[in-house]
Amino acid sequence: MKVSPLSEALGVEVTDVQLAELDGAALDALKTQVFENGIAVIRDQQLSPEQHIAFAKRWGGIDVNPFFPTNSGWPEIAEVRKAETQRVNIGGGWHTDHSYDEIPAMGSILVARELPPSGGDTLFASMGAAYDSLSDGLKQTLDTLRAVHSADHIYQPGGFYSKTDQAAELTGQELSTRAVHPVVIRHPVTGRKLLYVNAGFTLHFEGWTREESLPLLAYLYELGAREEFQCRVEWQPGSVAIWDNRATWHLAMNDYHGHRRVMHRITLTGDPIAA
Ligand SMILES: O=C(O)CCC(=O)C(=O)O
Ligand SMILES: [Fe+2]
């Protein structure tokens, strides 16, 4: 297994390994890479859907996302796709998957199935680096706060996707989600402090109105999206990305109109998160 950094802030590229054949020690080493670096892209894989599912189960449970279509024929696999004719993609703004759940998903394993001829990269941002960059004063303030998260404004009727050409594909519009989490969490494995608010799903600080919360949230969203905290995954046929939702944000670039892109995602169940 060969490992090299994707950027200064986070991410590693892993080569010379087949995920379908990893022994226990190699899997532990890969988990450590993901927990310490936030995201790993593993190149040149031949992972069938069955092998994708079997590999995901070695990380813990599978968290079936109620909103994404599962047209691949495997209920554990969500299809993240954009057709030649569609204009809106899935995950096109900075977000953390499942922060609206009481126990948010630990991460995801995303397999490239059909890629556009160019573009369609995924950006990741380090919430450990973003937190570290704050002043002691703001760190102390954020350490005491909790925030309310929901996906209702994204997936419910009248929400973000309902007004887009992804509406017909998504499911679960009747569901309501809400969770309250500390604004700064500790990574359950590395112990690193992480900023845990995101533009996709965080509504407001607990006990604050949305109007009061927005200026500070907007500051944190701008901070977290600074290039110095990012890395970029350029997908190739056979690429698989594994990311840690507690430690990162991500954003799927929507720069390939007229071309089809299909990814297979398995979401991994998490542990309770805490300050
Ligand atoms: O399509 C991608 O690159 C990522 C989309 C996304 O946000 C996700 O799968 O969670
Ligand atoms: Fe996502």
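Calculation rules
- Residues numbered from 1 in each chain as written.
- Chains lettered and ligands numbered in written order.
- Predicted model: local features only at pLDDT ≥ 70, side-chain atom pairs only at ≥ 80, totals over all residues.
- Heavy atoms only, no water.
- Near = heavy atom within 4 Å.
- Polar contact = N/O pair within 3.5 Å; in protein donor to acceptor, adjacent residues only side chain to side chain.
- Areas by Shrake-Rupley, 256 points an atom, 1.4 Å probe, with all protein chains shown as cover.
- Helix = DSSP H or I, 4+ residues; strand = E, 2+ residues; numbered from the N terminus.
- Nonpolar A, V, L, I, M, F, W, Y, C, P; charged D, E, K, R; others polar.
- Pairing = 2+ DSSP bridges.
- Axes fitted to C-alpha atoms, helices over the stretch in contact; angles between N-to-C directions.
- Donors = N, O, S within 2.8 Å, 3.2 Å for Na, K, Ca; no water.
- Buried < 20%, exposed > 50% of the residue type's maximum accessible area, 1.4 Å probe, protein only.

(A) Structural view of the site of ligand 1. Every residue close to ligand 1 is listed here: Val80, Ile90, Gly91, His95, Asp97, Leu110, Thr122, Trp243, His250, Ala252, Arg261 and Arg265. Between ligand 1 and the protein, one listed contact pairs an oxygen atom with a side-chain N or O atom of aspartate 97 at 3.0 Å. One of the side-chain nitrogen or oxygen atoms of histidine 250 is found 3.1 Å away from an oxygen atom of ligand 1. Burial of ligand 1 by the protein amounts to 99% of the accessible area it has alone, namely 290 Å². Of all the elements in the fold, those that place two or more residues in the shell around ligand 1 are strand E14 (248-252) and strand E15 (261-268). Tallied by class, the residues present in the shell around ligand 1 amount to 5 nonpolar, 4 polar and 3 charged.

(B) How the structure looks around the sheet that holds strand E6 (residues 122-126). Strand order across the open sheet formed by 3 strands is E12-E6-E14, with antiparallel pairing between neighbours. In this open sheet, the two strands that pair with only one neighbour each are strand E12 (230-233) and E14. Direction aside, the axes of adjacent strands within the sheet are offset by 20 degrees on average. Bridge count between E6 and E12: 4 bridges; the pairing is antiparallel. Paired with alanine 125 across the strands is glutamine 230, a residue of E12.

(C) Structural context of the sheet that holds strand E1 (residues 2-5). The strand order E1-E2-E3-E13-E5-E15-E4 describes an open sheet built from 7 strands, whose pairing is mixed. Both edges of this open sheet fall to E1 and strand E4 (78-82), since each of them pairs with a single strand only. Going across the sheet, the axis of each strand differs from the next one's by a mean of 20 degrees, ignoring polarity. Bridging between E1 and strand E2 (residues 12-15) involves 4 bridges; their strand directions are antiparallel.

(D) Fine view of the coordination of the iron ion (ligand 2). Within the first shell, the iron ion (ligand 2) binds the protein through His95 (NE2), Asp97 (OD) and His250 (NE2), at distances of 2.1 Å. Read in sequence order, the donor residues for the iron ion (ligand 2) give the motif H-x1-D-x152-H. On the criterion of sequence distance, the pair formed by histidine 95 in the loop between E4 and strand E5 (107-114) and histidine 250 in strand E14 is long-range, its members being 155 residues apart. Owing to a relative accessible area of 9%, histidine 95 belongs among the buried residues under this scheme.

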